[in-house]
Amino acid sequence: MTTMTTEAYSNRISVDTVNPASTSNANASPKTKHTSEDEYTAGKVKEAKQKILLMGKSGSGKSSMRNIIFSNFVAKDVRRLGATIDVERSKVKFLGNLVLNLWDCGGQDAFTENFLTSQKKFVFDHVGVLIYVFDIESRETERDLLTYIQIIKCLEQYSPHACVFCLVHKMDLVQVESRDAVFQERRALITQSSRSYAKRMVSYPTTIWDQSLYRAWGNIVNSLIPNMNVIEDYLRHLAESIEAQEVILFEQSTFLAVKHIRTARGDGSPYPDRLERLSHILKTFKHSMATFTESSSSSHQFEEFYISAPTFNLVISNFTSNTCVLCVFPPGDSEITCARINIGTARQEFFDFDMPVSSRQRSPLAERRSPEGHSRYNNSTLPYKTTSHESQQSIETVMSMDEPSTPRGG
Amino acid sequence: MPPTETVFLPTTVSIKKHMLKSFRTFDIWDLPGQINFTSSGYDTEGIFGPAGAIVWVLDAQDNYVESCARLFETVMSLQQTRPNIKFAVFIHKTDSISDDYREDTVRDIQQRITDDLDDAGLTNPPITFHSTSVYDISISEALSKVLQLLIPQLPTFEALINNIAVNCCFHKLYLIDTLTKLFIASDTSPGDTASYSLLCDWFDTLMDLADLYSTEGQSNESHAISERNNGDTSNDRNAVNGSALVKPGATMSTLAPPYITENDAHSFVKGSRGIDLYLREITVQLVLVGWSKQSGFAERKPLIDYNVSLFSKAIKDCLQVIAPDPPETEEAQSSDNS
Ligand SMILES: Nc1nc2c(ncn2[C@@H]2O[C@H](COP(=O)(O)OP(=O)(O)OP(=O)(O)O)[C@@H](O)[C@H]2O)c(=O)[nH]1
Ligand SMILES: Nc1nc2c(ncn2[C@@H]2O[C@H](COP(=O)(O)OP(=O)(O)OP(=O)(O)O)[C@@H](O)[C@H]2O)c(=O)[nH]1
Ligand SMILES: [Mg+2]
Ligand SMILES: [Mg+2]
């Protein structure tokens, strides 16, 4: 088989650093590869403890971002949001077994004062991640940084292992040419104020008006996903079976990229920002569909989406109940058919991902529940290849296979 | 250009000519709104002579009475010399009027103009009215209708599209221009803006995705439709009859592969709410897009593909017939901002 390369996100944090609880766990040697069992337990612990603080000055755009990413708002709707009172807590389910416990903290001075004094322990205990938002438009940079330092001090006291992300927000208000310079300057100031987190702190320029939002949040959420190597194994297997140049797993409701695999078949010069662009493009399309069907845009809008172009094929398909997968592979109609069958098979393998490990089954596909009448594919192992003639005959079968066999786990 | 940036456009001071290259070329002339071209001293014949249609833009936000009067003058003076020119009145910037008030404004303008022309003895004026705004799809929809006024083969296209729509259970089908997203024909079921808007958004999505992954840049290739100088339009009929559509009941084995050629880009979305989207490239400039809520639509896709191939061939035949545009159809666009 062809060799494959994976581009890891530059700032992924291992499970152990994110969650102090799991370091003290039974996982004695972090060097050895975790078994799936351990991964799952780690996930469980995280579920109970993970807390994400969203802080920053009032009006800096915290609730705006939260609602666009997790509640399917469109960017122009956020003007209607009022200031957050005290703390708005929400639990966001991500990938089935990861629950993000999001604390959106109102940024008005009175609330901030409380967080730093009487509610200190309550707020800063058991924090997994702190996301601090700076408003680029703010005229009191100095004061903003002083508040940030105070917050950081509290965090050091109660959750020294927390991850810190700083978002320099509303970058759309800065002229395009000077954006990078302005951001670098601000980043330097923030780093200086980050005390013991200075080395680990990661910052991003963001605006709700373009894909930069998805880049930042995609990376933040990715740092929290526990069993990434298991996911990677599955996707690599799938990528091989359909000879894809790229396979990307998206979380279904946020369209944040969870993991991507790029194989050597790709042309070596992909757009570096394609993951966040894809999130942006697909979420926009989802909104169009929701407007048309007059349904909530947080619900599923499509099951399968494919493009067959002269130079490439692209299939986006529901995968587990919480994810969908995007595959890019060489052109041709038989390739599409073949890919759809293999995605269907991989879906079966993968869907146990949301389930307890003990019931997980890798290939061979012993436990596949295929509808009757399609026994032809029951014993197929990846990859399933077709000749172009055969593919035409099988299209109908494949189509009807999709619906009943789509697992709704979780 | 995003609509919010139109604020920075300078006022037009001289006639600007734009070429709209699609399966045929349309010339668009942007006329300054501050000059009255029908008054003596202007080369009326030179400006309006070659025009096929005139788009008259009324600012619905503004006091439109004066503009209506000037439209009236223009229509009357051109009716004498060039009775074939069609007028399309765009009641523009309707986004800035509140919902309840909008319909009243549109009705008022329409009433005013037809009444005036009626009084002047023009009972059936060649005028259509459209309420438009650059902030939504309405401007594209209205411009599409104007283009269609200038396409003599429209009935043929519509017959072909209707045929496909009925046989393949599409609820709405458009033949859209890939560059502008204007539709040059659609099936003749009552049009609705929501369908057009969704399909345009989807088309944008596809273009964005293609932009990320088609390194060869297939959509920017040069693409001259073969020039065959043949003014004979009787072939159009044959094209309709020639497409022997397969009914959905037919079995797969009756279809001879390959029914999709490698080069025709196509796309499909199986929606979660029973809405399926279908797209197929016909030529580099034209794509067929549509949606259906028929259950089992996705399962029947191979048959639909087959039918669309036949449709595609018929359209291509038509285009070859009309490819040379000798009597050049041009379109003058007169803007009026009074
Ligand atoms: N220009 C611009 N404006 C933004 C952006 N993000 C948010 N805003 C605007 O900022 C305003 C305040 O946003 P919120 O999300 O309510 O602010 P917040 O941080 O939650 O404020 P508190 O709840 O008071 O702490 C809203 O009117 C948004 O329209 C952005 O990226 N660019
Ligand atoms: N609200 C709203 N404003 C619009 C719309 N279309 C155009 N405008 C604004 O109207 C102004 C004038 O637009 P132009 O296109 O330059 O007008 P014009 O008709 O070409 O004017 P002349 O060149 O002087 O004849 C700009 O500030 C646009 O932003 C619309 O649909 N809604
Ligand atoms: Mg808020
Ligand atoms: Mg102008």
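Residues numbered from 1 in each chain as written. Chains lettered and ligands numbered in written order. Predicted model: local features only at pLDDT ≥ 70, side-chain atom pairs only at ≥ 80, totals over all residues. Heavy atoms only, no water.

Chain B carries the name GTP-binding protein in an unreviewed UniProt entry, which gives Gomphillus americanus as its organism. The record in UniProt for chain B states the following under Subunit (unreviewed entry): "Component of the GSE complex." (UniProt positions renumbered as here; feature names shortened; annotations may be inferred.)

Going by the annotation in an unreviewed UniProt entry, the name recorded for chain A is GTP-binding protein, with Gomphillus americanus given as the source organism. Checking UniProt for chain A, the heading Sequence similarities (unreviewed entry) contains the comment "Belongs to the GTR/RAG GTP-binding protein family." The heading Function (unreviewed entry) in the UniProt record of chain A holds the text "GTPase involved in activation of the TORC1 signaling pathway, which promotes growth and represses autophagy in nutrient-rich conditions."

Let us look at the overall build of chain B. For chain B, the count of helices and strands is 8 helices and 11 strands. Residue burial in chain B is summarised as follows: out of 338 residues, 50% are buried. The contacts of chain B with a sequence gap of at least 6 include a subset with a gap of at least 24, amounting to 69%. Total accessible area on chain B stands at roughly 15600 Å², and carbon and sulfur atoms take up 51% of it. (Helix = DSSP H or I, 4+ residues; strand = E, 2+ residues; numbered from the N terminus. Buried < 20%, exposed > 50% of the residue type's maximum accessible area, 1.4 Å probe, protein only. Contact = heavy atoms within 4.5 Å. Areas by Shrake-Rupley, 256 points an atom, 1.4 Å probe, with all protein chains shown as cover.)

Summarising the metal site, the magnesium ion (ligand 3) is bound by the protein donors Ser63(A) (OG) and Thr84(A) (OG1), whose distances to it range over 1.9 Å. One end of the pair, Ser63(A), is in helix H4 (residues 62-70); the other, Thr84(A), is in the loop between H4 and strand E3 (87-94), and 21 residues separate them in sequence. (Donors = N, O, S within 2.8 Å, 3.2 Å for Na, K, Ca; no water.)

In this section: the packing of aromatic side chains. One pass over the full model with this rule turns up 20 aromatic pairs over all chains. Their ring planes at 80 degrees and their centres at 5.0 Å tell us that Phe292(A) and Trp291(B) sit as a pair that is edge-to-face. Residue Phe292(A) is found in helix H11 (residues 274-293), and its partner Trp291(B) is found in strand E10 (residues 286-292); the two belong to separate chains. We note that Phe292(A), like Trp291(B), is buried. The interplanar angle of 70 degrees and the centroid separation of 5.6 Å between the aromatic rings of Phe170(B) and Tyr278(B) together place this pair among those described as edge-to-face. Separated by 108 residues along the polypeptide, Phe170(B) in the loop between helix H5 (154-168) and strand E6 (172-177) and Tyr278(B) in strand E9 (residues 276-281) bring together distant segments of the chain. The class for Tyr278(B) is buried, based on a relative accessible area of 1%. (Phe/Tyr/Trp six-rings, centres within 6.5 Å; stacked < 30°, edge-to-face > 60°.)

Here the focus is the site of ligand 1. Residues and elements named next belong to chain A. Around ligand 1 sit 21 residues, and of these Ser58, Ser63, Ser64, Thr84 and Asp172 come closest. In this structure, Gly107 approaches ligand 1 through a main-chain N or O atom, which is 2.7 Å from an oxygen atom. At 2.9 Å from a nitrogen atom of ligand 1 is found a side-chain nitrogen or oxygen belonging to His169. Here ligand 1 loses 87% of its free accessible area of 670 Å² to cover by the protein chains. (Near = heavy atom within 4 Å. Polar contact = N/O pair within 3.5 Å; in protein donor to acceptor, adjacent residues only side chain to side chain.)

Further remarks concern helix H9 (residues 212-222) of chain A. Counting buried positions over the 11 residues of H9(A) gives 10, a clear majority of the element. Residues Ser212(A), Leu213(A), Tyr214(A), Ala216(A), Trp217(A), Gly218(A), Asn219(A), Ile220(A), Val221(A) and Asn222(A) constitute the buried set of H9(A).

Here the focus is the sheet that holds strand E6 (residues 163-169) of chain A. Residue and element names in this part refer to chain A. Taken together, 6 strands build an open sheet; the order of strands is E3-E4-E2-E5-E6-E7 and the sheet is mixed. Strands with a single pairing partner mark the edges of an open sheet, and in this sheet they are E3 and strand E7 (202-205). When strand polarity is set aside, the average angle formed by the axes of neighbouring strands in this sheet is 20 degrees. Relative to strand E5 (residues 129-135), strand E2 (residues 52-56) runs parallel, the two sharing 5 bridges. From the neighbouring strand, Leu54 faces E5, where its bridge partner is Ile131. (Pairing = 2+ DSSP bridges. Axes fitted to C-alpha atoms, helices over the stretch in contact; angles between N-to-C directions.)

All names here are of chain B. Here chain B is described as being made up of domain 1 (3-149) and domain 2 (154-322). Listed per partner, the contact involves 12 residues of domain 1 and 19 residues of domain 2. Across the domain 1/domain 2 interface, buried area totals approximately 1400 Å², and carbon plus sulfur atoms make up 71% of it. In this assembly, domain 1 and domain 2 are joined by 0 salt bridges. In this assembly, domain 1 and domain 2 are joined by 3 residue pairs in polar contact (both at pLDDT 80 or more). (Domains from an automatic or database assignment. Buried area = accessible area lost by both parts, 1.4 Å probe. Salt bridge = Lys/Arg side-chain N within 4 Å of Asp/Glu carboxyl O.)

To continue, consider the pattern of salt bridges. Proximity of charged atoms lets side chains of opposite charge pair with each other. Residue and element names in this part refer to chain A. Per the counting criterion, the structure on display carries 25 salt bridges over all chains. We note a salt bridge from Arg66 to Glu88, for which the minimum N-O separation is 2.4 Å. Placement of the pair is Arg66 in helix H4 and Glu88 in strand E3, with a sequence separation of 22 residues. Its relative accessible area of 8% is what places Arg66 among the buried residues.

This part takes up the side chain of Arg277(A). Positionally, Arg277(A) belongs in helix H11. Sequence-distant contacts of Arg277(A), defined by excluding residues within four places in its chain, comprise Gln211(A), Tyr271(A), Asp211(B) and Leu212(B).

With that settled, the discussion passes to the environment of Ser312(B). Mapped onto the secondary structure, Ser312(B) falls in helix H8 (residues 301-322). Once the C-alpha coordinates of Ser312(B) and Arg280(B) are considered, the two residues, 32 residues apart in sequence, prove to be 8.9 Å apart.

As a rule of thumb, soluble globular proteins bury nonpolar side chains together. Among the nonpolar cores identified, the biggest contains 97 residues, and Trp217(A) and Leu175(B) are the most heavily contacted of them. Setting aside residues up to four positions removed in sequence, Trp217(A) forms contacts with Leu54(A), Met65(A), Ile69(A), Phe70(A), Ile131(A), Leu167(A) and Leu256(A). Counting residues in each nonpolar core, the second largest holds 43 residues, with Leu282(A), Phe302(A), Phe305(A) and Val289(B) among its members. (Core = buried A, V, L, I, M, F, W, Y, C linked by side-chain atoms within 4.5 Å.)

Its place among the elements puts Thr293(A) in helix H11. For Thr293(A), the side chain forms a polar contact with the side chain of Ser295(A), separated by 2.7 Å. Filtering out sequence-adjacent residues up to four positions away, Thr293(A) remains in contact with Gln301(A), Arg273(B) and Ile275(B).

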